[in-house]
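Chain by chain, the residues run as shown.
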Amino acid sequence: MSLGKDSDSSVIEERERYRELLEELRTIIPGVQVLLAFLLTVPFAAGFEEVDKAGKVIFSVSLMAVALAAILFLAPASYHRLADRKDRRGRISFGVRVTLAGMALLALSITCAVFVVVRFLFGSLLLALILAFAAAALSFFTWYLHPVKNRRHTGGVSESSG
């Protein structure tokens, strides 16, 4: 009988983790879509032709990174609809992996966009590098390092370990 309870508890926990993941994605996706839409319009704006080739290349990296991030953030919903519904662990694993990859691409996009804009506005490579590095470092710290450190500190147990 305890096997049944453990199994039911595991299923409930997996459902909750997946629900939390989808809810987190529902929070992230609108911001990513706005950033993507904005970046898609930038080349058509007055003044973009003044951006040099290096700036345009870095801008293209930013655009492609946010486009790929958007695709990855939407992937769990598609996977949920098309994959085997009984494979809860597979859905959670896939969802977590593509979300983390999407977050890395989003950080890259933000970092590149900061670099291009600061370099364009101030004409300073050094300032652009410093501020882009600050954006990258803050992203890495808040989105990866701090959560991993906190998880290790709490022994891997958290209210929503997903």
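Remember, predicted model here, so these are calculated numbers, not experimental data. (Residues numbered from 1 in each chain as written. Predicted model: local features only at pLDDT ≥ 70, side-chain atom pairs only at ≥ 80, totals over all residues. Heavy atoms only, no water.)

**Q** Which parts of the structure should I look at to understand the overall build of the protein?
**A** Within the protein, the secondary structure is distributed over 4 helices and 0 strands. The secondary structure elements of the protein, listed N-terminal to C-terminal, are α-α-α-α. Taken against the 2.2 N^0.38 rule, which gives 15 Å for 162 residues, the C-alpha radius of gyration of the protein at 20 Å runs more than 25% over that of a compact globule. Projected onto its principal axes, the C-alpha positions of the protein cover 70 × 35 × 20 Å. When each of the 162 residues of the protein is scored for burial, the buried share is 30%. Summed over all atoms, the accessible surface of the protein reaches about 10700 Å², with 67% contributed by carbon and sulfur. Taking the average place of the 18 positive charges on the side chains of the protein and the average place of its 14 negative ones, the gap between the two points comes to 4 Å. (Helix = DSSP H or I, 4+ residues; strand = E, 2+ residues; numbered from the N terminus. Rg over C-alpha atoms; globule rule 2.2 N^0.38 Å. Buried < 20%, exposed > 50% of the residue type's maximum accessible area, 1.4 Å probe, protein only. Areas by Shrake-Rupley, 256 points an atom, 1.4 Å probe, with all protein chains shown as cover. Lys, Arg positive; Asp, Glu negative; His and termini not counted. Charge placed at Lys NZ, Arg CZ, Asp CG, Glu CD.)

**Q** Just to check I follow, could you spell out a nonpolar patch on the surface for this structure?
**A** Together, Val-117, Phe-120, Leu-121, Phe-122, Leu-126, Leu-127, Ile-130 and Leu-131 give the surface a local cluster of nonpolar side chains, amounting to about 770 Å² of exposed area. Mapped by element, the contributors of at least two residues to the nonpolar patch are helix H3 (88-122) and helix H4 (125-153). Considering the arrangement of structural elements, one finds Phe-120 in helix H3. (Patch = residues over 30% accessible without salt bridge, like charges linked within 9 Å, V, L, I, M, F, W, Y side chains within 5 Å. Salt bridge = Lys/Arg side-chain N within 4 Å of Asp/Glu carboxyl O.)

**Q** I tried to follow the side chain of Ser-109 on my own but got confused; where do I start?
**A** Relative to the helices and strands, Ser-109 resides in helix H3. Discounting chain neighbours no more than four positions away, the residues touching Ser-109 are Leu-35, Leu-39, Ser-62, Ala-65 and Val-66. (Contact = heavy atoms within 4.5 Å.)

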